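# Report on the structure
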Amino acid sequence: MPLTSYGVLVGRLIRFAREDPDDFGSWYHGKLYVAAPAGEYECAIDVSTPSGVPVQYREVRHLNPQLFAPTAAKSDGWHLLASTPASGALDYVRSPLLRGSGGCVSVVYSPLVEWVNTILRSPRFGWVDSSADKALDLLEQRLLGCERVYVYGAPYTTGNGVHDIHYNQGDPPGQFQHLDGIWQDGGTIIQRPDGELIAFLTKFKPQSLNTDDNGLPL
């Protein structure tokens, strides 16, 4: 059974903050505070877990603006999204949007270059094990001076906020697998002043990037 509610928050970043890990035990989040017509939203990005399961992060540079245009045209605020590619939902494994061009080799075509670029654009490439602040250091750097943010995940049950801002499929059997589904992944897309779109993505290391049509690991 997938997430009960899923969507994207669109708005202007007010500020970025980090929780004090001494106040929250092993749970540790980066917090984006985003302005929207309904008020200020809090967006909580997991970067550590109570059990010590590692969190991994990845950035994808130079997202295709044409593929992102329907989402970029949305007004500020919270928008529900169907778990389908046509809605603008994210899927780390399946989204053409997340095959950015950043880091690709651009020389005269050859089969070797094509093979290298295929690897660089693969959803399995570029994941980095995070020690919590390592991920947030990169995120904070990318957020500096940004024009707009698009935060994908599930809404808080109380108050204005977004959580589950991470990969939401591929879980091993356990307490989270019942929430798995395709086209419902969380993440943050950052619109830079020069127009560049950057995706900041996180997942838990045990989650598989090889999933079936129900979002379950193969």
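An account of the accompanying structure is given in this report. (Residues numbered from 1 in each chain as written. Predicted model: local features only at pLDDT ≥ 70, side-chain atom pairs only at ≥ 80, totals over all residues. Heavy atoms only, no water.)

One pass over the full model with this rule turns up four aromatic pairs. Taking the centre distance of 5.1 Å and the plane angle of 20° together, the rings of Tyr 92 and Tyr 167 count as stacked. On the criterion of sequence distance, the pair formed by Tyr 92 in the loop between β5 (77-80) and α2 (111-120) and Tyr 167 in the loop between β8 (161-163) and β9 (187-191) is long-range, its members being 75 residues apart. Comparing Tyr 92 with Tyr 167 shows no difference in burial state: the two are buried. Through a chain of ring-to-ring contacts, three or more aromatic side chains come together here, namely Tyr 92, Trp 127 and Tyr 167. Note that Arg 15 overlies the ring of Tyr 33, its terminal NZ or CZ placed 3.9 Å from the centroid. Residue placement shows Lys 203 over the ring face of Trp 127; its charged tip is 5.8 Å from the ring centre. (Phe/Tyr/Trp six-rings, centres within 6.5 Å; stacked < 30°, edge-to-face > 60°. Helix = DSSP H or I, 4+ residues; strand = E, 2+ residues; numbered from the N terminus. Buried < 20%, exposed > 50% of the residue type's maximum accessible area, 1.4 Å probe, protein only. Lys NZ or Arg CZ within 6 Å of the ring centre and 35° of its normal.)

As a further point, take helix α3 (residues 133-143). Taken together, the buried positions of α3 are Ala 135, Leu 136, Leu 138, Leu 139, Arg 142 and Leu 143. The buried side chains of α3 occupy one side of the element, clustering within an arc of 160° when seen end-on. Where α3 ends, the next residue or the one after it, Gly 145, has phi of about 70°, a positive value. (Arc of directions from axis to C-beta.)

By themselves, these are just geometric observations and shouldn't be taken as functional.
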